[in-house]
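A look at the structure
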Amino acid sequence: MFLVRVGASWGRTEYSIWPDEPAQLAMARFLGGGTSWTMHDHSTWRPAYAALLAPIHWFTSDPAIVFRLALVVNAVLGAVAALLLVVLARRLTSLGPWGCAAIAVIVSLTPARLFTTDFVWSESLTAAMFLVALLALLRFWSAPSRSSGVLLGFAAAAAVGAHSRLLPLVVIALVVMALAVRRRSLSAVDATIAAACTVGGLIAVEIATRLIVAQLWRNPTSNNSAGAVADRLTDPGALLLSFAGQTWYQLVASAGLIGVGGWVLARNSFASGSDRSTTRVPTRDDARLVGLTVAACAGLSIAFMAGRLRADQVVYGRYSDVVTAPVLLIGLATLVTAATATTARSRVVAAVGIAAATIATAAVTVISRHDALASSNGLEPMILGLQPFRGSSDRIDVFRITVLALAVGAVLLATTFLRSRALLAGTIAAFALVVVGDAFTADILDREWSGRGGHDAVAELADGPLASGAPVDFLVPAASNSTNRLMLYQMYLPESEFTVVEDSSEVASSPLVFAPPGDTALDEAGALLLWTDRFGRMSLWDRSVVR
């Protein structure tokens, strides 16, 4: 898996998702002792992933090397997540070691999970930390103790350090600790210690985040805050539409297998007393814990995207793709064992139900958000699971994607009727379909999300006007959010500290300022134009000669 992920991101030298990637690179440079990188007025992020990248700066400040090594870190984290999925599959499915390894690899290779490795953001760490916390939760509930409680608490807090959307893990951890005391399987003292570690870990993450934000952000926005999510809970209609869009996305991106996994979790969660005495997996308790954890984290994604207007935000997948991996794992395991574990009639009924849910959510999404979906493809990295079905369309074609996904689901269903060969046929079919989907997705990302390139030419200024890490001002007019080049230039000039100014005549840290080549005020004042980027969008001016 490590080599596959390295191969998937091979050749990338420049970030393409702004401001997510610059934020992680900025925090990593700061934590590694490098020059401060201003994030100006953007949203904020948690620093755990950046902390993993920070040691790179102890050995090099070369931006190209830093970027490539960050992608290698992603590959390592992806391999770790795949191993954790194997462990999870051993607990939640009836498959043997090799079967668990096979389905874990297939889940890890799905486009929605594989291609997060292409970007220097926290997704690879978030995926691994979610699985660590989930396994810690399952272990604690099955054998409560002080040590397992402390492990759970720290794992949940660390997961939040990777990304705020995993905050429900902390709440769930505290609830199960209280329930363990109630059912007399854990002493109040041990539960208190575990809860204190949980809360203490969360406080430590919050303090670290605030300290870093205070150093790198000038006027941070509250888009990623708990308050921003709470504000969206007041519109039930928007929440319902967000639920429909994201549910449709998960169903089509998995060709219905997440629906299968969800059905298994629901069935086992409400198993009767006689059912609980059998060897059915996942057990009732495991099914409830996995279902609750996935639903809580996915629910936060639904709330966060409620009412948003961008095409990809209507059917957003990025935030839920991480947490639905265990459900997909269970769904895939159910598929490959269905021939011997279920009747033909039950398989057909389940397939019809999942198809109906897919069509229903598609209809609600199209009817309610047609204009947004027709406006563009959205940001493809946020809906990676749809890319294998996209084709050449310049919009999110819900009808086309739904039909193709149902057809793929039908192929997978057909493998369950091959009797003794069903397990092998289902595994091979799933693997082949995933590989084909990866090929389509890789082509789209390589064409549209590999970085424009050419911006590294700004590095030549380090041997001229910005030699020895000379400071420089950067013009960002008031009320403007045009900071892409501010971020790119800071990446390629790692020794220079940038200061944002709102007026090109304002000298903050240096007589040198990056401003548009046609800046009238500078031109009329007699400032000297020293350099212009190859795209003609930004120039370096010397104001020391202003008349």
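Our subject in this report is the structure included herewith. (Residues numbered from 1 in each chain as written. Predicted model: local features only at pLDDT ≥ 70, side-chain atom pairs only at ≥ 80, totals over all residues. Heavy atoms only, no water.)

1. What to know about the sheet that holds strand E5 (residues 539-542)
Spatially, the 5 strands line up as an open sheet ordered E2-E1-E3-E5-E4, and their pairing is mixed. The sheet is open, and its two borders are formed by strand E2 (498-501) and strand E4 (528-532), each paired with just one other strand. Neighbour-to-neighbour, the strand axes of the sheet open up by a mean angle of 30°, direction not taken into account. Alignment of strand E1 (residues 472-475) against strand E3 (residues 512-515), held across 2 bridges, turns out to be parallel. In the sheet register, Asp-473 faces E3, and the bridge partner there is Val-513. Against the sheet, helix H22 (residues 484-492) touches E1, E2, E3 and E4, its axis set at about 165° to E2. (Pairing = 2+ DSSP bridges. Helix = DSSP H or I, 4+ residues; strand = E, 2+ residues; numbered from the N terminus. Axes fitted to C-alpha atoms, helices over the stretch in contact; angles between N-to-C directions. Contact = heavy atoms within 4.5 Å.)

2. A short note on the pattern of salt bridges
Going through the model one piece at a time under the given rule, you end up with 16 salt bridges. For Asp-118, the salt bridge is made with Arg-12, and the minimal N-O distance between the two is 3.2 Å. Remark: Arg-12 occurs in the loop between helix H1 (2-8) and helix H2 (20-31) and Asp-118 occurs in the loop between helix H6 (111-114) and helix H7 (123-142); sequence separation between them is 106 residues. Judged by its relative accessible area of 2%, Asp-118 is buried. (Salt bridge = Lys/Arg side-chain N within 4 Å of Asp/Glu carboxyl O. Buried < 20%, exposed > 50% of the residue type's maximum accessible area, 1.4 Å probe, protein only.)

3. Here's the deal with unusual backbone geometry
Residue Trp-18 is joined to Pro-19 through a cis peptide bond whose omega torsion reads 10°. Located in the positive-phi region is Arg-184, a residue other than glycine, with phi close to 65°. Structurally, the position occupied by Arg-184 is in the loop between helix H9 (168-182) and helix H10 (188-216). Judged by relative accessible area, Arg-184 falls into the exposed class, the value being 78%. Despite not being glycine, Ser-468 has its phi angle at roughly 60°, a positive value.

4. Focus: helix H13 (residues 257-269)
An α-helix turns once every 3.6 residues. As a result, residues three or four positions apart point the same way. Between its first and last C-alpha atoms H13 spans 18 Å; for 13 residues at 1.5 Å apiece the expected length is 18 Å, and the two agree. All buried positions along H13 are accounted for by Leu-257, Ile-258, Gly-259, Val-260, Gly-261, Val-264, Leu-265, Asn-268 and Ser-269. Looking at the buried positions of H13, the neighbouring elements they touch are H6, helix H12 (236-253), helix H15 (284-305), helix H18 (325-341), helix H19 (344-375) and helix H20 (398-415). (Expected span 1.5 Å × (residues − 1).)

5. What to know about the environment of Ala-48
Inspection of the secondary structure puts Ala-48 in helix H3 (residues 48-53). Here Ala-48 falls in the partly exposed class, since its relative accessible area comes to 26%. C-alpha of Ala-48 to C-alpha of Val-403: the two residues are 355 residues apart in sequence and 40 Å apart in space. For Ala-48, the residues in contact, after removing those within four places along its chain, are Leu-125, Gly-161 and Ala-162.

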